Amino acid sequence: MSTIDFGKRISLAQAAKAILANPKLRYYLEGEPGIGKSSLTETIKAVLNKTHERVYIDMASLDLGDLAMPWIDKETNTTRYAPNARFKLHTGKPVVINLDEFSKGAAPVQNMIHPMLEKNNPRLGDLFIDDQSIVFLTGNLSTDGVGDRIKAHTANRVVRVKIRKPNAEEWLAWAVNNDIDPIVMAFVHQYPHVLASYLDDGQDSNPYIFNPRKVQDAFASPRSLETASDIIKVRDQVDPDTTIACLSGAVGEACARDMFAYLEYQDQLPTWESIINSPKTAKIPEGAGACSVLVFGAISKVDKQSITPFMEYVGRFEPEWQAAFAINISRNPQKQSVAFTCKAFSDWVLKNEDLL
């Protein structure tokens, strides 16, 4: 029997499956800053096929009056407690409620939320939450040092689950489907430790990542890498100094400096027209960085007309880059049909199964 690691962290995808499998339980997802915990609301709602309302609650910004308010029922001469409309309990549809940053909420706000955390007959104010609805909580790890804390009576109502960062391979699979700039994808492909965790062994000297033991103005995370992509996309509208300053503010100086070097690889790349028109003679970029930028950029550019000549062109690259293109285009829902209906791509897959 294999040894069970009781300290193991799970992925957001695994957490989503756990929540969907047991919607009456209240899961508290703890993880480092910027790893995508808040986005889990959309992930779960998408699985439920639009049957549920999506509700995102920023617990850290709420006061008691933002949750529910008393009102007078003149017919019964009593007061009732009406939940805020932001919870969408009045819509008549099941809800997926993300109590984001719950552990940063004020103590009275946390206490008032407690009836929502009950397994049986959960409610907010005087409105009950139906059995089809899902409520989950998120926060940072206590070791992150950013002020997260829940009391014992809260912890006893929830299932505490530690969430890990996506690794580079997982993040790239997401990035190719979410319009992330090829330069950022190429950088992550070449520097996968940019998505390591300070909890992992051997990461004390990692200059890119969040580390609560160090003073940091900015650091790389899945969230800030997406921000870096937005900055790089408009680099032609500003000067290089502005671009590097903005990147430093998003992902930290060390990450910005190394990522900026990938911008210079653009000058080494042949034009897309020369690749498609002359795949046998178009220039092959030198160096891993330039090859990486070209390969990840090609994923967004290829279509049914250009993929055949591009496969001829990329066939001149080292096997590593051929495989990087094939694997990542296969993960892109918008490009899968382009790839799998191309004979040149299918032939490559049959010939190079050992690389995949």
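Residues numbered from 1 in each chain as written. Predicted model: local features only at pLDDT ≥ 70, side-chain atom pairs only at ≥ 80, totals over all residues. Heavy atoms only, no water.

Explain the overall build of the chain to me, using residue names and the numbers behind them.
Within the chain, the regular secondary structure consists of 15 helices and nine strands. Seen through its C-alpha atoms, the chain measures out along the principal axes to roughly 85 × 55 × 45 Å. Nonlocal contacts in the chain, meaning residues at least 24 apart in sequence, comprise 69% of its contacts between residues at least 6 apart. When the accessible area of the chain is evaluated, it comes to approximately 18200 Å², of which 50% is carbon and sulfur surface. Taken together, the 39 basic and 44 acidic charged side chains of the chain have centroids lying 6 Å from each other. (Helix = DSSP H or I, 4+ residues; strand = E, 2+ residues; numbered from the N terminus. Contact = heavy atoms within 4.5 Å. Areas by Shrake-Rupley, 256 points an atom, 1.4 Å probe, with all protein chains shown as cover. Lys, Arg positive; Asp, Glu negative; His and termini not counted. Charge placed at Lys NZ, Arg CZ, Asp CG, Glu CD.)

Talk me through unusual backbone geometry; I want residue IDs and the actual numbers.
For Glu101, which is not glycine, the phi torsion reads 55° and is therefore positive. By secondary structure assignment, the location of Glu101 is in the loop between strand S5 (95–100) and helix H3 (107–113). The phi dihedral of Asp179 is positive, around 60°, even though this residue is not glycine.

Give a description of the environment of Ala46 that names residues and reports values.
Mapped onto the elements, Ala46 comes out in helix H2 (residues 40–47). Classification of Ala46 as exposed rests on a relative accessible area of 60%. C-alpha of Ala46 to C-alpha of Phe296: the two residues are 250 residues apart in sequence and 27 Å apart in space. (Buried < 20%, exposed > 50% of the residue type's maximum accessible area, 1.4 Å probe, protein only.)

Can you explain the nonpolar core? Please cite residues and give values.
Ranked by size, the top nonpolar core spans 64 residues in total, and within it Trp171, Val188, Val194, Leu225, Met259, Phe310 and Phe325 carry the most contacts. Per element, the largest residue contribution to this core is eight residues, and it comes from helix H11 (residues 288–301). Setting aside residues up to four positions removed in sequence, Met259 forms contacts with Ile183, Val184, Phe187, Leu225, Ala228, Ile232 and Leu247. (Core = buried A, V, L, I, M, F, W, Y, C linked by side-chain atoms within 4.5 Å.)

I'd love a proper account of empty space enclosed by the protein, names of residues and values included.
Evaluated as defined, the whole model comprises one cavity of 30 Å³ or more. Here the largest cavity is characterised by a volume of approximately 30 Å³. Along the walls of the largest cavity sit Lys24, Arg26, Glu118, Lys119, Pro122, Asp130, Asp131 and Ser133, which together make up its complete lining. The class makeup of the residues in the lining of the largest cavity is one nonpolar, one polar and six charged. (1 Å grid on protein atoms, 1.4 Å probe; cavity = no way out; pocket = protein on both sides within 12 Å on 5 of 7 lines; lining within 4 Å. Points joined across faces, edges and corners; volume = space filled by probe spheres on them. Nonpolar A, V, L, I, M, F, W, Y, C, P; charged D, E, K, R; others polar.)

Please set out the sheet that holds strand S8 (residues 134–139) residue by residue, giving values where relevant.
With respect to topology, five strands assemble into an open sheet ordered S2-S5-S8-S1-S9, the strand pairing being parallel. Strands with a single pairing partner mark the edges of an open sheet, and in this sheet they are strand S2 (53–58) and strand S9 (159–162). When strand polarity is set aside, the average angle formed by the axes of neighbouring strands in this sheet is 20°. Lying on the sheet, helix H1 (residues 12–21) is in contact with strand S1 (27–30) and S8; it crosses S1 at an angle near 175°. (Pairing = 2+ DSSP bridges. Axes fitted to C-alpha atoms, helices over the stretch in contact; angles between N-to-C directions.)

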